Amino acid sequence: MTDDSTTTLSLDEVRGLARSVFVAAGVDEHGSAVLADLVRMSERDGPRSHGLRMLPVYAQSFASGYANPAANPSVERIAPGVLRGDGDNGYYQIVAAKARNELIEMARENGVAAFSCANCHHLGALRFDTGSLAEAGLVALGVVNSLSMVVPQGGVRPVFGTNPMSFACPRPGGEPVVWDQASSMVALMDIRMAAAEGHDLPRPAGLDPEGQPTRDPNAILETRSLLPFGEHKGAAIAFLIEVLGAALAGGTLSVDNAKREAHGALNIKGGNTLIAIDPARFGNEAFGEYVQRICGEIEGNGDARVPGDGRLKNRAAAEADGVSVTAELMAQLRELQ
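Residues numbered from 1 in each chain as written. Predicted model: local features only at pLDDT ≥ 70, side-chain atom pairs only at ≥ 80, totals over all residues. Heavy atoms only, no water.

### A closer look at the nonpolar core
Of all hydrophobic cores here, the largest spans 34 residues; its most connected members are F22, L52, L55 and Y58. Of all the elements in the fold, those that place two or more residues in this core are α1 (11-24), α2 (29-45), α3 (55-63), β11 (323-326) and α11 (327-336). Filtering out sequence-adjacent residues up to four positions away, F22 remains in contact with V27, S32, L35, A36, V39, L55, Y58 and F62. The next biggest cluster of nonpolar side chains, apart from the first, holds 18 residues, and it includes L103, C117, L274 and A276. (Core = buried A, V, L, I, M, F, W, Y, C linked by side-chain atoms within 4.5 Å. Buried < 20%, exposed > 50% of the residue type's maximum accessible area, 1.4 Å probe, protein only. Helix = DSSP H or I, 4+ residues; strand = E, 2+ residues; numbered from the N terminus. Contact = heavy atoms within 4.5 Å.)

### Observations concerning the pattern of salt bridges
Scanning all chains against the criterion turns up 16 salt bridges. We note a salt bridge from R53 to E197, for which the minimum N-O separation is 3.8 Å. Taken together, the residues R53 in the loop between α2 and α3 and E197 in helix α6 (residues 188-197) connect sequence positions 144 residues apart. Owing to a relative accessible area of 25%, R53 belongs among the partly exposed residues under this scheme. With a shortest N-O distance of 3.8 Å, E299 and R171 are connected by a salt bridge. Here E299, found in the loop between α9 (287-298) and α10 (310-321), pairs with R171, found in the loop between β6 (165-169) and β7 (177-181); they are 128 residues apart in sequence, far enough to count as distant. (Salt bridge = Lys/Arg side-chain N within 4 Å of Asp/Glu carboxyl O.)

### A look at the state of the cysteines
Per the counting criterion, the structure on display carries zero disulfides. Cysteine C120 remains unbridged, with the sulfur of C117 as its closest cysteine sulfur at 3.6 Å. By relative accessible area, which is 1% here, C120 ends up buried. This cysteine, C169, is not joined by any disulfide, and C295 carries the nearest cysteine sulfur, 6.5 Å off. Taking relative accessible area as the criterion, C169 reaches 7% and is therefore assigned buried. (Disulfide = S-S within 2.5 Å.)

### Some words on the packing of α3 against α11
Orientation of α3 relative to α11, taken along the N-to-C sense of each, is 30°, at an axis distance of 10 Å. As far as their axial angle goes, α11 and α3 are roughly parallel. Our pair here, α3 against α11, has a crossing hand that is left-handed. On the side of α3, the interface is formed by L55, P56 and A59, while α11 contributes Q332, L333 and L336. (Axes fitted to C-alpha atoms, helices over the stretch in contact; angles between N-to-C directions. Parallel < 35°, antiparallel > 145°, perpendicular 65-115°, else oblique. Left-handed = near helix turned anticlockwise from the far one by under 90°.)

### Let's talk about the packing of aromatic side chains
Ring pairs (aromatic) are described by centroid distance and by the angle formed between their planes. For the structure shown, the criterion picks out five aromatic pairs. With centroids separated by 5.2 Å and ring planes inclined at 80°, the aromatic side chains of F22 and Y58 adopt a geometry described as edge-to-face. Of this pair, F22 sits in helix α1 while Y58 sits in helix α3; the two residues are 36 residues apart in sequence, bridging distant segments of the chain. An aromatic cluster of at least three residues, connected via ring pairs, comprises F22, Y58, F62 and Y91. (Phe/Tyr/Trp six-rings, centres within 6.5 Å; stacked < 30°, edge-to-face > 60°.)

### Here's the deal with the pairing of β6
Within β6, four of the five residues are buried, leaving the element largely enclosed by the surrounding structure. Bridge count between strand β5 (residues 139-144) and β6: four bridges; the pairing is antiparallel. Note that in β6 the partner of L141 across the bridge is F167. Pairing of β6 with β7 involves five bridges; the strand directions are antiparallel. Paired with M165 across the two strands is Q181, which belongs to β7. (Pairing = 2+ DSSP bridges.)

### Regarding the environment of T7
Within the secondary structure, T7 is located in strand β1 (residues 6-9). Judged by relative accessible area, which is 31%, T7 ranks as partly exposed. Counting along the chain gives 118 residues from T7 to A125, while the straight-line C-alpha distance between them is 24 Å. In contact with T7, other than residues within four places in its own chain, are V323, S324, V325 and M330.

### What to know about the packing of α2 against α10
Interaxial distance between α2 and α10 falls to 6 Å at its minimum, and their mutual angle equals 105°. Regarding the angle of α2 to α10, the classification is roughly perpendicular. Where α2 abuts α10, its residues E43, R44 and D45 lie against R311, N314, R315, A318 and E319. Here the contact of α2 with α10 is built from residues that sort into one nonpolar, one polar and six charged. (Nonpolar A, V, L, I, M, F, W, Y, C, P; charged D, E, K, R; others polar.)

Right, here's the structure in full:
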């Protein structure tokens, strides 16, 4: 019989629980703090599929030998506006944290700067990369390619990953505008989460074993064939991200990420690129007013909302009330500590 009870955790308790799992897996003090904060922010803002539910995946990647818990990543400036990172087969967020201050300085110096990274694992929401740059007054675009699961329009086999992208910009008088989205109709972790919770997806997002579009998450996980959003338009975005992510960074192509299966690993090793733009160096002193005007035209326009602003409602609720965690997940996490 299934235990339907839940436990409510504060965000500090979420961070502490996550950190204990990372430490038990062999991650050092700094790395465990970086990754635990990512889990906390995912539970706070969403998507929660990237929060506590990801901890068994992180732990398995270390236990299998696929990811390096003791990674010592490196960052090198290879051009006036380009940083290149090597994750030492650890997690991207750790090397990204190491590069962040220098990337901000380079963007302010040159107007535009980019950070690319390979030899790393990435499972977090990209919005936390771009959002931190927007908080520093920059416009940001981040991409990462992933395991091939998305069938190109008209194709018969997956070529692209869910290949997410994120955009962020400062908003005068308010929180930065931050959004991220997959190139697939639905992110893979949301499909896994729907399957774990026993409900269908809100719309057809992949193919069933007969090759027909379906809302059944279990059928999609069986075929591992997801649909791109917007048909050929989403497939074009997935192509763009494969180039900006894997090709620029020298990361693993989506079609080659299946090599992880030799380790029984659940995560992937893609290529990551993060582009930072300083609007103050582009000659339009009214940049902030433009952003305010764009947001103002959306707000109060029927039920429309500024992209990504749903996270602010999630944040307020999580900060006030904590987050609810199922007994099943809590039991899993206790075993990992």
